[in-house]
Structure formats: C-alpha cells, structure tokens
Amino acid sequence: MIHVFLVHEMALMNNVLSSALEDQADIRVVGSATTVEDALEKIQYEAVDVILASSGLPNQGSIQLIEKVREENPKVELVVIGVMETRERVLHYVEAGASGYVSKDSTIEEMIEAIKLADQDKAVVPPEIAGALMDRLSEYAQIFADLEMGVIESAGLTDRELEVLDLLGKNLTNNQIAS
C-alpha cells in the first residue's frame, strides 16, 4: 500500500486528486494540506510514502517543501505536479530533491504511474526534462573537471607527482605504482 499525502494550494484540487486516487487498490490518500506549513505539521503524524505537491504553492512553496521533507525524512518521495514549466524551473525541483514531475496536462493514469514509480525510488520526468537533466549533469561534470584542474595547477605538483596521483586515482597499490 502506497500512502500518499496531497499538497495543493486549492482545497478543491486536493479533493479532486483524492477522489481520483481512491479507486486504486494499492494507493491510500492519508491526508492533504493547502500550505507548506500545514503539510509539514500533518506529515509528522502520518505514515507517508509519497507526497504529491503542486508547483503553484505560493512563494516557491514546493521547493521549500521538498527541501524540508528531504532534510527531515529522506525516505519520503516527492512528485511535483504542475503546468509545463521552463526546463530550468523543473530542474530546480529535481535539484531540491523531487523524485519526479508530472504536468497538469498528464492523464490520471500517468499521475498514478508517477506515484507508483516514485514509491519504487524511480525518477519520473517528461522526456524533455530528461534531456535537460543530461545537459545539467554534463555542465556539472565540466565544472568539477575545471575545479579539479585548478586545484592541481595551484598545488604546484611536479609531473611525477601528478603521475603518481593519477595512478592512485586508478586504485593501484604502492607496489603497482612503484613498478
């Protein structure tokens, strides 16, 4: 049984989402809230597996909710539901710790599938966002490579020291490096 908590700025939408999920034998809605503060208080007293949060929560509330839940209970998965936003905006949810993103243009079946996948610790993102994630990972890899090179250059290591460092990075033993 997947225990789902709903967080939407409109109580009516929480009711609609709850009604849509109640027919699922393996999903149980354990509560809902219209504010981040209310959600954080209520989920302390409920066994929650997945939080379905609206991207429309005021003052970037969905980001705040994700960060706070990740900090306090990293086992709870979070899926953001919203209008298709910019790639950068959706990446902010993922970087904050969201398990996935479902567009409000998605079907109920797609939302249910996203909840089930999130509960299995699987990422749920539209294909266009997956491409943006790959681009972001590539950017981060380049940043770290540049930082690493900067650290090595500023350390003033000799060519031989750099060679030994490279061999250490390949998990070679002292005897293997000496050979």
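Described in the following lines is the structure provided in the data block. (Residues numbered from 1 in each chain as written. Predicted model: local features only at pLDDT ≥ 70, side-chain atom pairs only at ≥ 80, totals over all residues. Heavy atoms only, no water.)

## Observations regarding the packing of helix α1 (residues 11–21) against helix α5 (residues 108–119)
Two numbers describe a pair of packed helices, the interaxial angle and the distance between the axes.
Turning to step 1, where the next piece is worked out: For the pair α1 and α5, the least separation of the axes is 11 Å and the interaxial angle reads 80°. Comparing the axis directions of α1 and α5 gives the class roughly perpendicular. Facing α1, whose interface residues are Leu17, Ala20 and Leu21, α5 presents Ile108, Met111, Ile112 and Ile115.
Turning to step 2, where the next piece is worked out: Taken together, the residues of the contact of α1 with α5 sort by class into seven nonpolar, no polar and no charged. (Axes fitted to C-alpha atoms, helices over the stretch in contact; angles between N-to-C directions. Helix = DSSP H or I, 4+ residues; strand = E, 2+ residues; numbered from the N terminus. Parallel < 35°, antiparallel > 145°, perpendicular 65-115°, else oblique. Contact = heavy atoms within 4.5 Å. Nonpolar A, V, L, I, M, F, W, Y, C, P; charged D, E, K, R; others polar.)

## A look at the packing of aromatic side chains
Within a pair of aromatic rings, the relevant descriptors are the distance that separates the centres and the angle that separates the planes.
Turning to step 1, where the next piece is worked out: Applying the stated criterion across every chain, the model contains one aromatic pair.
Turning to step 2, where the next piece is worked out: Considering the side-chain rings of Tyr93 and Tyr101, the 5.9 Å spacing of their centres and the 10° angle between planes classify their relative orientation as stacked.
Turning to step 3, where the next piece is worked out: Judged by relative accessible area, Tyr93 falls into the buried class, the value being 0%.
Turning to step 4, where the next piece is worked out: Judged by relative accessible area, Tyr101 falls into the buried class, the value being 2%. (Phe/Tyr/Trp six-rings, centres within 6.5 Å; stacked < 30°, edge-to-face > 60°. Buried < 20%, exposed > 50% of the residue type's maximum accessible area, 1.4 Å probe, protein only.)

## Digging into the pairing of strand β4 (residues 77–82)
Turning to step 1, where the next piece is worked out: Where burial is concerned, most of β4 is hidden: six out of the six residues are buried.
Turning to step 2, where the next piece is worked out: Burial along β4 is two-sided: the face carrying Glu77, Val79 and Ile81 and the face carrying Leu78, Val80 and Gly82 are both buried.
Turning to step 3, where the next piece is worked out: In terms of handedness, the path from strand β3 (residues 50–54) via helix α3 (residues 61–72) over to β4 forms a crossover that is right-handed.
Turning to step 4, where the next piece is worked out: Two strands pair when backbone bridges link them, and β4 and strand β5 (residues 100–103) are joined in this way by four bridges, in the parallel orientation. Residue Ile81 lies in a different strand from β5, and its bridge partner there is Val102. (Right-handed = clockwise from strand over helix to strand, strands pointing away. Pairing = 2+ DSSP bridges.)

## Comments concerning α3
Three- or four-residue spacings in an α-helix give side chains the same orientation, since the helix completes a turn every 3.6 residues.
Turning to step 1, where the next piece is worked out: Helix length check: α3 (twelve residues) gives 16 Å between terminal C-alpha atoms against 16 Å at 1.5 Å per residue, within 8%.
Turning to step 2, where the next piece is worked out: All buried positions along α3 are accounted for by Gly61, Ser62, Ile63, Leu65, Ile66 and Val69.
Turning to step 3, where the next piece is worked out: Looking at the packing, one finds that the buried side of α3 touches β1 (2–7), α2 (36–42), β3, β4 and α4 (87–96). (Expected span 1.5 Å × (residues − 1).)

## A short note on the pattern of salt bridges
Close approach of charged atoms lets side chains of opposite charge pair.
Turning to step 1, where the next piece is worked out: In total, this model carries five salt bridges according to the counting rule given.
Turning to step 2, where the next piece is worked out: Two residues, Arg70 and Glu77, come together in a salt bridge whose shortest N-O distance is 3.4 Å.
Turning to step 3, where the next piece is worked out: Exposure remark for Glu77: the relative accessible area of 11% places this residue in the buried category. (Salt bridge = Lys/Arg side-chain N within 4 Å of Asp/Glu carboxyl O.)

## Notes on the sheet that holds β5
Turning to step 1, where the next piece is worked out: What the five strands build is an open sheet, ordered β2-β1-β3-β4-β5; its pairing is parallel. Each edge of the sheet is formed by a strand with only one pairing partner; in this case those strands are β2 (27–33) and β5. Going across the sheet, the axis of each strand differs from the next one's by a mean of 25°, ignoring polarity.
Turning to step 2, where the next piece is worked out: Of the strand pairs in this sheet, β1 and β3 are connected by four bridges, and their pairing is parallel. Counted as the bridge partner of Phe5 is Ile51 from β3.
Turning to step 3, where the next piece is worked out: In the packing of α5 onto the sheet, contacts are made with β1, β2, β3, β4 and β5, and the angle to β3 comes to roughly 135°.

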